[in-house]
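A structural walkthrough
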Amino acid sequence: MTPVEAALFSSLDPPRLAGARCARCGTVTFPAQAGCARCAGTDLATVALPDRGALWTWTVQAFEPKAPYRAPESGFTPYGVGYVDLGDVIVEARLVGDPATFEIGMPMRLTLLPLWPGPDGSAVVSYAFQPAGQPAGQPAGEDGASKDRTGEGG
Amino acid sequence: MNGNRAAVSVIGVGMHPFGRHDPALTGMAMGATASRRALADAGVSWADIGYAVGGSNVSGKPDSLVGVLGLTGVPFVNVRNGCATGGVALATAANAIRAGETDLALVVGFDKHERGAFAASPADYGHGDWYGETGLMVTTQFFAMKDRRYLHAHGLTDRLLARVAAKAFRCGELNPDAWRRKALSEDEIMRARMINPPLTQYMLCSPSEGAAAVVLARGDRAADLCERPVRLAAVAKRTRRFGSFEVFAPWLPPQAGDSASVDAARAALAAAGVSPADVRVAQLQDTDAGAEIYHMAETGLCADGEQQELIDRDETAPDGRLPINTDGGCLANGEPVGASGLRQVIDIVLQLQGRAGARQVPGRPRVGFTHVYGAPGISACTVLTT
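So, here is what we can say about the structure in this document. Here the structure is a predicted model, which is why all the values come from computation and not from measurement.

A look at the overall build of chain B
- Regarding its fold elements, chain B presents 13 helices and 12 strands.
- The C-alpha radius of gyration of chain B comes to 19 Å, within 12% of the 21 Å expected for a compact globule of 386 residues.
- Along the longest, intermediate and shortest principal axes, the C-alpha atoms of chain B span 50 × 50 × 40 Å.
- Here chain B holds 386 residues, and the buried ones make up 62% of them.
- When contacts within chain B are restricted to residue pairs at least 6 apart in sequence, those whose partners lie at least 24 apart make up 76%.

Below, the structure written as structure tokens:
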């Protein structure tokens with residue numbers, strides 16, 4: 001397995017995403033970045049992000065995007081896209097699973113997404129979230145999901 | 001108002017209609033047509049123009065227009081600010097007038113886009129290649145996801161999206177310059193091809209071709225040159241701040257923040273000394289039907305959640321209490337990115353001058369407002385008054 005971008009991951013097995021936390025204000029970014037978007041601080045340390053969260057919003061990509069999108073070898077099929085609230089940061093992600101089951105607030109967990117074969121024949125992978133298989137309506141605190149944005153639409 | 005700063009007015013407008021045109025017709029040629037029409041509408045010549053600003057995203061360097069309009073030596077600034085290009089170009093020209101560089105300026109925007117959704121380069125927005133390759137860098141995804149979040153958070157129905165689109169095509173039917181001039185029922189819109197749920201094909205605007213131009217004059221010249229000048233009472237532009245939910249964002253902080261649209265609208269209204277309740281006709285960025293809905297609230301024209309009642313009662317139609325996008329907006333005109341913000345200004349100018357024809361807002365509106373929004377989180381707003 002080869003990550004599509006090594007900097008996205010703190011580990012592949014088990015899969016964990018890598019973000020960066022600002023030493024001054026605590027802001028967490030994804031992917032890791034060198035400067036803080038909130039306080040302009042430059043002292044940021046890489047952190048592993050939680051692998052569970054709550055679905056914040058979602059859609060389905062029903063048409064094949066133009067390049068630089070790269071379809072799998074088997075051809076394009078519609079895929080889910082969403083934002084998942086991990087508590088300290090809300091990350092954009094491909095979604096795996098049946099869109100008919102997606103709803104805002106449902107628990108999600110991180111998984112790997114095979115993309116296409118790499119030069120060595122093994123799969124190039126990215127990250128995705130899939131329904132965590134827990135009953136909907138479970139308290140968000142279990143997933144570390146934040147409650148700050150519950151009343152707003154963006 | 002603007003204290004002792006020089007007043008700036010719109011004294012002429014010109015369009016090359018938006019839509020799909022002859023493949024051989026270039027964006028720049030449409031820009032020249034719109035410019036000449038705006039100059040003719042103002043009753044001035046290109047040689048009278050002391051400052052020009054042009055915007056185009058993909059169709060060439062606007063200052064090349066001097067080669068066809070005339071080599072007068074005029075200073076000409078190029079603007080490339082995504083969907084906010086028109087507003088930024090207008091602000092640049094107005095500031096040149098206020099700074100005393102000229103008393104007559106031309107602002108022109110044009111573009112000729114390929115069919116289909118825009119393709120964006122991750123590097124242009126500071127992202128790694130993975131962001132585009134894995135299929136996350138698609139503008140329509142963002143609009144669908146922001147809509148879903150907004151409708152959910154404020155208890156609004158998905159059908160509202162179809163009502164907004166149906167209103168846009170009704171307005172397009174009334175606008176001889178519109179691209180899409182056929183009214184569609186809400187059911188036709190709901191049942192159309194799904195693009196990014198909850199958005200069907202008729203709830204999203206398409207990239208198109210076209211051009212728009214306006215002539216601006218310092219206040220004292222405007223009164224001499226134009227029977228009914230429309231005052232550019234304020235123009236403000238902003239970039240995004242921490243916490244706003246914007247297009248092409250791999251992450252958001254948990255703390256919500258105001259969008260660039262909130263800031264730009266607030267600044268423009270304050271500079272003009274008008275309140276949102278004074279606005280009688282508005283143009284809001286409707287890249288999709290949901291964008292019109294949440295931009296109503298972000299610009300302060302209504303409260304979050306109030307849209308259900310306003311739209312259900314057709315208050316945003318030309319004969320309603322708060323007419324929005326009376327020329328059909330982006331949904332019925334498509335979006336040549338460099339020209340779109342100026343199209344908005346032209347519609348408001350025609351409304352305030354009583355020249356809007358079949359889509360004319362009754363009751364002689366005196367205060368109009370325009371708002372553009374674009375990637376990666378920029379907005380420009382104007383207040384226009386008579």
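There's plenty left to go through after this.
Focus: unusual backbone geometry
- Backbone torsion omega between Phe30 of chain A and Pro31 of chain A reads -10°, so that peptide bond is classified as cis.
- Of note, Pro31 of chain A is situated in the loop between β4 (28-29) and β5 (44-48).
- One non-glycine residue with positive phi stands out, namely Phe248 of chain B, at about 60°.
- Structurally, Phe248 of chain B can be placed in the loop between β8 (230-239) and β9 (251-252).

Observations regarding the interface of chain B and chain A
- At the interface, 38 residues of chain B touch 44 residues of chain A.
- Only α4 (129-133), α5 (139-153), β5 (194-196) and β9 of chain B provide two or more residues apiece to the side of chain B that touches chain A.
- If you tally residues by element for the side of chain B that touches chain A, the top one is α5 of chain B, at nine residues.
- Note that strand β8 (residues 90-95) of chain A and β9 of chain B share two bridges and pair antiparallel. Its bridge partner being in β9 of chain B, Val91 of chain A is matched across the sheet by Trp251 of chain B.

Here we look at the pairing of strand β2 (residues 9-12) of chain A
All names here are of chain A.
- Taken together, the three bridges between β2 and strand β3 (residues 15-22) define a ladder with antiparallel strand orientation. Each bridged residue has a counterpart across the sheet, and for Ser11 the counterpart in β3 is Arg16.
- With antiparallel pairing between neighbouring strands as the criterion, β2 and β3 make up a hairpin whose turn holds two residues.

What about helix α6 (residues 159-174) of chain B?
All names here are of chain B.
- When the terminal C-alpha atoms of α6 are compared, their 23 Å separation across 16 residues agrees well with the 22 Å that a helix rising 1.5 Å per residue should span.
- Burial in α6 covers these residues: Leu160, Leu161, Ala162, Arg163, Val164, Ala165, Ala166, Lys167, Ala168, Phe169, Cys171 and Gly172.
- Packed against the buried residues of α6 are α5, α7 (186-191), β6 (199-200), α10 (289-298), α11 (307-312) and α12 (329-333).

Conventions and cut-offs
- Residues numbered from 1 in each chain as written.
- Chains lettered and ligands numbered in written order.
- Predicted model: local features only at pLDDT ≥ 70, side-chain atom pairs only at ≥ 80, totals over all residues.
- Helix = DSSP H or I, 4+ residues; strand = E, 2+ residues; numbered from the N terminus.
- Rg over C-alpha atoms; globule rule 2.2 N^0.38 Å.
- Buried ≥ 20, exposed ≤ 12 C-beta atoms within 10 Å, placed from the backbone.
- Contact = placed C-beta atoms within 7 Å.
- Pairing = 2+ DSSP bridges.
- Expected span 1.5 Å × (residues − 1).

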